[in-house]
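# Topology and contacts: notes
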Amino acid sequence: MSTGRAVFTVRFQAMLSWKHRSAATPLLWTAALVTLAASFGHQALPAADPPPTGTRLDPLAIEIGSEDALYAAPTTRDRIGRIMAPVVINGQGPFRFIVDTGASRSAISPRLAARLGLVPAADSFVTIHGVTGAGTVPSVVVDEFKAGDIVLRNRRLPVIEPTVFADADGILGVEGFDGMRITVDFEKDQIEITRASRAWRAGEWSRVPVRLRFGRLMVANATIGRKRVKAVIDTGAERTLGNLALRSLLHLDKAAEKESTERRVTGATAEIETANSIPAPEISLGGVGIRRLDVAFADLNVFRVWGLENEPAIVIGMDALGTTHGLLFDYKRAELLIRP
C-alpha cells in the first residue's frame with residue numbers, strides 16, 4: 001500500500017477474478033455501459049436485449065447486492081454491488097432504480113410500465129446506443145418523476161428488457177442531476193439525493209476533480225502505470241473497461257493475444273464483442289489508488305459514443321467503485337469524493 005495515499009485495494013484480494021473462470025463464460029453487460037446518450041449530443045437511449053439462447057449468464061452480472069440491501073450494496077467476493085435510489089412516478093412508489101452516472105436519461109422496466117398503466121404507442125420507438133452497438137426500443141411518457149430533490153415532468157422513458165434490471169424497476173440517469181449532490185454510504189445502505197449548497201468538508205474523504213463532459217458525464221484525469229488517461233466514472237458499469245488506445249499505451253497488446261484472456265461482451269443490442277480481461281497497473285484518481293483490478297479491453301461502441309475511441313480511456317465500474325465505504329457525486333462543483 002502506498003504511503004500518504006488513500007488506497008481502496010485491500011478488498012480486491014477477495015474478489016472473484018475473471019482469470020479463474022472458463023474462457024467460454026460470457027460477460028453480460030446489463031445496465032453496465034448501456035449508455036443513454038441523447039443528452040450527450042446523440043439521438044440515443046439505453047436498452048438491453050436478452051442474451052442469446054443457451055448463453056450461460058455470469059451470476060455476478062444479474063444479481064444486485066444482497067437481498068437485504070435496499071439502496072447501496074457493496075461489491076463483495078460473491079457479486080458486483082449496485083447503487084439504488086427510491087423513485088416515485090406519477091405519485092406511485094417508491095420504486096427502486098439503479099443509479100447510473102453513465103446514462104444520460106432514465107429508463108423503466110416493462111413490469112413497472114404495466115403496473116403504472118403506461119402503454120407504448122406504435123410510433124414511440126427510440127434509437128438507443130449500448131456498449132456494443134445501436135438499436136431501437138419502445139418508450140412511454142410519465143407525467144412526474146421524483147428521486148430525492150430531483151423532480152422531472154412530462155418525460156419520455158425508454159422501456160427496457162428486464163435482463164437489464166435484475167430485481168430493480170428502472171435506471172436513474174443523470175438528466176436531472178444538475179446542481180445535485182448524490183451521497184452513497186455502502187456501510188449504512190443509504191443514498192441521499194439533495195441540492196448541493198455548501199462545499200463538502202472532505203475529512204476522511206478523498207477529493208477527485210472531474211470534468212462534466214456533455215454536461216453531466218463525470219470524466220476524471222487518471223494515471224495508470226504513470227500514464228495519463230481519461231477515466232469515466234460510471235456506476236452503471238458492472239466491470240471496468242479500457243479502450244484499445246489504452247491497451248497499446250500500457251503495452252498490453254501481447255498479453256491480449258492469449259486465448260485465456262478472451263471474454264464475450266453483450267449489451268443493449270444483438271452485437272456481441274470480444275474483450276480481453278487483463279490485470280492493469282495501479283490506477284490513480286486524485287489521491288486514491290486502485291490495485292489488483294482486471295480491465296476488459298475492447299474496441300467498444302460506448303467509447304465512440306463518448307468520443308473517446310482515439311485517446312487512452314478507461315471506464316471505472318462498480319467492480320472498483322463498490323469496494324469503497326462511500327461515494328459522493330457533486331454535480332454543482334464537478335467533484336467526486338471517495339471514502340476508501
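Residues numbered from 1 in each chain as written. Predicted model: local features only at pLDDT ≥ 70, side-chain atom pairs only at ≥ 80, totals over all residues. Heavy atoms only, no water.

## Some points on the overall build of the chain
- From N to C terminus, the chain includes five helices and 25 strands.
- Here the chain holds 340 residues, and 56% of them are scored as buried.
- In the chain, the proportion of contacts linking residues at least 24 apart, taken out of those at least 6 apart, comes to 69%. (Helix = DSSP H or I, 4+ residues; strand = E, 2+ residues; numbered from the N terminus. Buried < 20%, exposed > 50% of the residue type's maximum accessible area, 1.4 Å probe, protein only. Contact = heavy atoms within 4.5 Å.)

## Some words on the packing of aromatic side chains
- Applying the stated rule across the entire model yields two aromatic pairs.
- Measuring from centroid to centroid gives 5.7 Å for Phe97 and Phe145, while their planes differ by 80°, and the two rings are edge-to-face. Of this pair, Phe97 sits in strand E5 (residues 92–99) while Phe145 sits in strand E9 (residues 139–147), and the two are 48 residues apart along the sequence. As far as the burial class goes, Phe97 and Phe145 line up, both buried. (Phe/Tyr/Trp six-rings, centres within 6.5 Å; stacked < 30°, edge-to-face > 60°.)

## Remarks on the side chain of Arg213
- Within the secondary structure layout, Arg213 lies in strand E14 (residues 206–213).
- A polar side-chain atom of Arg213 sits 3.4 Å from the main-chain carbonyl oxygen of Gly307.
- When sequence neighbours within four positions are dropped, the list of residues in contact with Arg213 reads Val219, Trp306, Gly307 and Leu308. (Polar contact = N/O pair within 3.5 Å; in protein donor to acceptor, adjacent residues only side chain to side chain.)

## Let's talk about the environment of Asn221
- Locating Asn221 in the fold gives a position in strand E15 (residues 217–224).
- Sequence-wise, Asn221 and Ser284 are 63 residues apart; in three dimensions their C-alpha atoms are separated by 8.9 Å.
- Only 3.1 Å separates the side chain of Asn221 from the side chain of Lys230, close enough to count as a polar contact.

## Overview of the confidence of the model for the chain
- Averaged over every residue, the pLDDT of the chain is 77; residues scoring 70 or more account for 75%.
- Mean pLDDT across the secondary structure elements of the chain bottoms out at strand E2 (residues 27–28), with 26, and peaks at E9, with 96.
- Within the model, the stretch residues 1–66 combines pLDDT values under 50 with 222 contacts to residues more than four positions away or in other chains. (pLDDT = per-residue confidence, 0-100.)

## Describing the nonpolar core
- Among the nonpolar cores identified, the biggest contains 63 residues, and Ile89, Ile108, Phe145, Leu172, Val184, Ile314 and Phe329 are the most heavily contacted of them.
- Other than its neighbours up to four places away in sequence, Ile89 contacts Phe95, Phe97, Ile108, Leu112, Leu116, Val142, Glu144 and Phe145.
- Core analysis: the second largest hydrophobic core is formed by 17 residues, Leu300, Phe303, Val305 and Leu308 among them. (Core = buried A, V, L, I, M, F, W, Y, C linked by side-chain atoms within 4.5 Å.)

## A closer look at the pairing of E5
- With five bridges connecting them, strand E4 (residues 82–89) and E5 associate as antiparallel partners. Bridge pairing links Pro86 to Arg96 in E5.
- The loop that links E4 with its antiparallel partner E5 comprises two residues; one of these, Asn90, has a positive phi angle of about 50°.
- Note: E5 against strand E11 (residues 170–172), three bridges, orientation parallel. (Pairing = 2+ DSSP bridges.)

## Side note on the pattern of salt bridges
- Taken as a whole and assessed by the stated rule, the structure comprises 15 salt bridges.
- A salt bridge links Glu144 to Arg153; the nearest nitrogen and oxygen atoms lie 3.1 Å apart.
- The salt bridge involving Arg181 is made with Asp330; its shortest N-O contact spans 3.3 Å. Note that Arg181 is positioned in strand E12 (residues 180–185) and Asp330 in strand E24 (residues 326–330), a separation of 149 residues in sequence. (Salt bridge = Lys/Arg side-chain N within 4 Å of Asp/Glu carboxyl O.)

## Side note on unusual backbone geometry
- Going from Gly93 to Pro94, the amide bond is cis rather than trans, its omega being 10°.
- Inspection of the secondary structure puts Pro94 in strand E5.
- Positive phi is not limited to glycine here, since Phe214 has a value of about 55°.
- For Phe214, the position within the fold is in the loop between E14 and E15.
- Phi at His251 takes a positive value of approximately 60°, unusual for a residue other than glycine.

## Some points on the environment of Glu175
- When you line up the elements, Glu175 lands in the loop between E11 and E12.
- Under the relative-accessibility criterion, Glu175 is labelled buried at 11%.
- For the pair formed by Glu175 and Ser104, sequence separation is 71 residues and the distance between their alpha carbons is 5.5 Å.
- Ignoring sequence-local partners within four residues, the contact set of Glu175 consists of Ser104, Arg105, Ser106, Leu152, Arg155 and Arg216.
- Only 3.2 Å separates the side chain of Glu175 from the side chain of Arg155, close enough to count as a polar contact.

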